[in-house]
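# Structure assessment
In case you want the letters, here they are:
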Amino acid sequence: MPQLGLLHGRAWTVFLGQLRRPPGAVCIRAVRSHSQGTRDLSPQQMVVREKILNVVVSCFKRHGAKGLDTPAFELKEILTEKYGEDSGLIYDLKDQGGELLSLRYDLTVPFARYLAMNKVKKMKRYHVGKVWRRESPTIVQGRYREFYQCDFDIAGQFDPMIPDAECLKIMCEILSELHLGDFLIKVNDRRILDGIFAVCGVPESKFHAICSSVDKLDKISWKDVRHEMVVKKGLAPEVADRIGDYVQCHGGISLVEQMFQDPRLSQNKQALEGLGDLKLLFEYLTVFGVAEKVSFDLSLARGLDYYTGVIYEAVLLQTPVHAEEEPLNVGSVAAGGRYDGLVGMFDPRGHKVPCVGLSIGVERIFSIVEQRMKTFGEKIRTTETQVFVATPQKNFLQERLKLIAELWDAGIKAELMYKNNPKLLPQLQYCENMGIPLVVIIGEQELKEGVIKLRSVPSREEVAIKRENLVAEVQKRLSES
């Protein structure tokens, strides 16, 4: 070690740095923020997310769904060619001399793989899990590269449109229960879209590419979509104009009837099948009492390649629930559709299992709820603690430990301060700050008399109860609150 008296200036700084750094350690100059398009969630944010997830999962269970989980990554070949132009957004994992793997892009393709691999022909399932997409994140609108999806799917051969109608009913129930404001569910059918493309003169080889352009109509104008079709995708201008006559239409069951009478579309078998199913769907939605929340929108395309029939997407209407709120444009908050051919892609013999499902956009909903809470300054409890065990005197740690163990063993959520001799005032202030409703207080006098003091934090009233009656009295108080 050098003599300290000989060190000065820069040499002194370097020497101190070497003292603090363990051998072989790498010096990190500053803690980086997390990766772009991801985020940490504070305890307050976790409470909000859990409440949203509870509403969603409770609804799924109410409709008879079973839980399922799949790995966060899949074989790359499982995911490729399932998402159209969005396939470029898949995160590939580095090849380390083994299998080529990718992070899952959604929960639907892994579900289809599960059904095929396990030869399951009928299932109603829900799945809550993270997915990853390499898109440009717009955090303000609740778009991330890593985010949760909450999916509900019905797999199996059933009579037409009954499962599809239930999926739309579920979307209405969840969005209503979350009190997000007014919403609209747009519906269409991929067979109707393909029929439109066919009768308008789109070459079949361009169907997917043109469908992807139409899917952008909720983000950019028809003029810009037309420009993309003609200039970038080589579609004849007159063909694009004919498509424009259709995809700018939206309405209810009356529009379905109108399309049945359309001289060009009524000649297309695929389109007629789709229109027939939509007519039946609107009948069931009327019975369910949600038809007024649903609009037949010919611009809805849903760019994913695996959809084969009915498709739908829920959007919030821009009017905020409260006058003080700023409108927040988050795009769709739920979406889904029918994908009858996806399972067959994973089955060695190509056996198909018809499926229909929906996905709730939890992150986007979270952005809305979070903004609303900031606007109104709502306070959130980050713990569920029901009782705090306190003392006003020294040398009572063991008595407090006995009491809290008794409460824990009875299933009561309880805390204490991790100090041998805490002062009473900080303990009581902690309870008020954290919203803990009850305090159990033990001291020399209480120990001598065989009682416990029970304090109500909101009212600050205290009563003495017998030591042996503690658990019963606390449970009684909690059940009344």
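Here the structure is shown first, and the text comes after it.
Not measured: the values here are computed from a predicted model.

### So, the packing of aromatic side chains
The final tally for this structure, using the stated rule, is six aromatic pairs. A ring pair is formed by Phe388 and Tyr430, whose centres lie 5.6 Å apart and whose planes are at 50 degrees; its orientation type is tilted. Residue Phe388 is located in strand 12 (residues 387-390), and its partner Tyr430 is located in helix 14 (residues 424-434); the two are separated by 42 residues in the primary sequence. Taking relative accessible area as the criterion, Tyr430 reaches 27% and is therefore assigned partly exposed. A connected cluster of aromatic rings, assembled from ring pairs, spans Phe60, Tyr126 and Phe152. For Arg133, the ring lying beneath its charged end belongs to Tyr105, and the centroid distance is 3.9 Å. The ring of Phe183 is capped by Lys293, whose NZ or CZ atom sits 4.6 Å from the centre of that ring.

### Notes on helix 12 (residues 362-376)
Along its 15 residues, helix 12 runs 21 Å from first to last C-alpha, staying within 8% of the 21 Å computed at 1.5 Å per residue. In terms of burial, helix 12 is largely enclosed, as eleven of its 15 residues are buried. The complete set of buried residues in helix 12 reads Val362, Glu363, Arg364, Ile365, Phe366, Ser367, Ile368, Val369, Glu370, Arg372 and Met373. Residues of helix 12 that are buried sit in contact with helix 2 (43-62), strand 5 (146-155), helix 5 (162-177), strand 9 (310-316), strand 10 (332-338) and strand 11 (355-360). The positive-phi residue at the C-terminal boundary of helix 12 is Gly377, with phi of around 60 degrees.

### Regarding the sheet that holds strand 9
Here we have nine strands laid out as an open sheet, ordered 1-4-5-11-10-9-6-8-7, and mixed in their pairing. With one partner strand each, in any of the chains shown, strand 1 (66-67) and strand 7 (250-251) form the two edges of the open sheet. Examined bridge by bridge, strand 4 (residues 123-132) and strand 5 share ten bridges and lie antiparallel to one another. Looking at the pairing, Met123 lines up with Ala155 of strand 5.

### Some details on the nonpolar core
Phe60, Ile185, Phe197, Ile243, Phe296 and Tyr312 are the most contacted members of the largest nonpolar core, which has 78 residues in total. Of all hydrophobic cores here, the second largest spans 26 residues; its members include Leu68, Ala155, Ile311 and Cys355.

### Considering the pairing of strand 4
Counting buried residues along strand 4, seven of its ten residues qualify, which places the element largely inside the surrounding structure. Both strand 1 and strand 4 contribute to a ladder of two bridges, which runs parallel. By the bridge assignment for strand 4, Lys66 is matched with Arg125.

### Quick word on the packing of helix 5 against helix 11 (residues 269-288)
Put simply, helix 5 and helix 11 touch, their axes get as near as 9 Å, and they point 45 degrees apart. With respect to helix 11, the element helix 5 is oriented oblique. Crossing of helix 5 over helix 11 shows right-handed handedness. Contacts between helix 5 and helix 11 pair Ile162, Asp164, Ala165, Glu166, Leu168 and Lys169 from the former with Leu281, Tyr284, Leu285 and Phe288 from the latter. Taken together, the residues that form the contact of helix 5 with helix 11 break down as seven nonpolar, no polar and three charged.

### Points about the layout of surface pockets
Of the voids in this model, the second largest pocket is the one considered here, and its volume is about 340 Å³. Taken together, 13 residues make up the lining of the second largest pocket; nearest its centre are Val48, Lys51, Leu178, Val369 and Met373. Only helix 2 and helix 12 provide two or more residues apiece to the lining of the second largest pocket. Tallying contributions element by element places helix 2 first for the lining of the second largest pocket, with five residues. Split into classes, the residues belonging to the lining of the second largest pocket amount to eight nonpolar, one polar and four charged.

### Looking at the sheet that holds strand 16 (residues 462-466)
Strand order in this open sheet of five strands is 13-12-14-15-16, and the pairing throughout is mixed. Taken across any chain shown, the strands that pair with only one partner, and hence form the sheet edges, are strand 13 (414-416) and strand 16. For this sheet, the mean angle separating the axes of adjacent strands, direction not counted, is 30 degrees. Here strand 15 (residues 451-456) pairs with strand 16 via five bridges, running antiparallel. In the sheet register, Arg455 faces strand 16, and the bridge partner there is Glu462. Helix 13 (residues 397-409) rests against strand 12, strand 13, strand 14 (438-441) and strand 15 of the sheet, and its axis sits at about 165 degrees to strand 13.

### A short note on the packing of helix 10 (residues 253-260) against helix 11
At a minimum axis separation of 10 Å, helix 10 and helix 11 run at an interaxial angle of 155 degrees. Overall, the two elements helix 10 and helix 11 adopt an arrangement that is roughly antiparallel. Seen from above, helix 10 lies across helix 11 with left-handed handedness. Between helix 10, through Ile253, Val256, Glu257, Met259 and Phe260, and helix 11, the contact on the second element is made entirely by Leu272, Leu275, Gly276, Leu278, Lys279 and Phe282. In terms of residue class, the contact of helix 10 with helix 11 is built from eight nonpolar, one polar and two charged.

### A closer look at the pairing of strand 12
Alternating positions in strand 12 separate into two faces, Val387 and Val389 on one and Phe388 and Ala390 on the other, with burial throughout. As paired elements, strand 12 and strand 13 share three bridges and run parallel to each other. Directly across from Phe388, in strand 13, lies its bridge partner Glu415. Between the parallel pair strand 12 and strand 13, the chain is carried across by helix 13, and the sense of this crossover is right-handed. Where strand 12 and strand 14 come together, four bridges link them in parallel fashion. In the strand pairing of strand 14, Val387 is matched with Leu438.

### Quick notes on the pattern of salt bridges
All chains considered together, the criterion is met by 32 salt bridges. A salt bridge links Arg226 to Asp241, with the shortest nitrogen-to-oxygen separation between them at 2.6 Å. Placement of the pair is Arg226 in helix 8 (residues 222-232) and Asp241 in helix 9 (residues 237-247), with a sequence separation of 15 residues. Relative accessible area serves as the criterion here: at 25%, Arg226 is assigned to the partly exposed category. A salt bridge links Arg302 to Glu313; the shortest N-O distance between them is 3.2 Å. Here Glu313 lies in strand 9 and Arg302 lies in the loop between strand 8 (294-297) and strand 9, a separation of eleven residues in the sequence. Ionic contacts of the salt-bridge type, sharing partners, join the residues Arg39, Arg49, Glu363 and Glu370 into one network.

So, how was this worked out
Numbers given for residues are sequential positions, taken from 1 along each chain in its written order. With pLDDT at 70 or above as the cut-off, local features in this predicted model cover only qualifying residues; side-chain atom pairs require 80 or more to be listed or tallied, and sums for whole chains, interfaces and linings still use all residues. Side-chain numbers come from the whole structure's heavy atoms, not from hydrogens or water. Note on aromatic pairs: the rings of Phe, Tyr and Trp (six-membered ring only in Trp) are paired at centre separations within 6.5 Å, and the planes decide the class, stacked below 30 degrees, edge-to-face beyond 60, tilted for the rest. The secondary structure listing takes helices from DSSP runs of H or I that are at least 4 residues long and strands from runs of E that are at least 2 residues long, numbered from the N terminus. In this scheme, a residue with accessible area under 20% of its type's maximum is buried, one over 50% is exposed, and one in between is partly exposed, where area comes from a 1.4 Å probe on protein chains only. Throughout this description, the term charge over a ring refers to an Arg CZ or Lys NZ atom that lies within 6 Å of the ring centre and within 35 degrees of the ring normal. Helix span, expected: 1.5 Å multiplied by one less than the number of residues in the helix. In this description, contact between two residues means that some pair of their heavy atoms is separated by no more than 4.5 Å. By definition, two strands form a pair when at least two bridges between them are found by DSSP. Take the buried residues of types Ala, Val, Leu, Ile, Met, Phe, Trp, Tyr and Cys, join any two whose side-chain atoms come within 4.5 Å, and each joined set is a nonpolar core. Interaxial angle, 0 to 180 degrees, is taken between N-to-C directions of lines fitted to C-alpha atoms, where a helix line uses only the stretch in contact. In these notes the angle categories are as follows: under 35 degrees is roughly parallel, over 145 is roughly antiparallel, 65 to 115 is roughly perpendicular, and the rest is oblique. Take the far helix as the reference: if the near one is turned anticlockwise from it by less than a right angle, the crossing is left-handed, and if turned clockwise, right-handed. For this classification, Asp, Glu, Lys and Arg are treated as charged, while Ala, Val, Leu, Ile, Met, Phe, Trp, Tyr, Cys and Pro are nonpolar and the rest, including Gly, are polar. Here a cavity denotes grid points, spaced 1 Å and computed from the protein atoms alone, that fit a 1.4 Å probe unable to get out, and a pocket denotes an open set having protein on both sides within 12 Å along at least 5 of 7 lines; residues with an atom within 4 Å of a point are the lining. Grid points are joined across faces, edges and corners, and a volume is the space filled by probe spheres set on the points. Look down the strands so they point away from you; if going from the first strand over the helix to the second traces a clockwise path, that crossover is right-handed. What makes a salt bridge here is a side-chain nitrogen of Lys or Arg within 4 Å of a carboxyl oxygen of Asp or Glu, nothing more.

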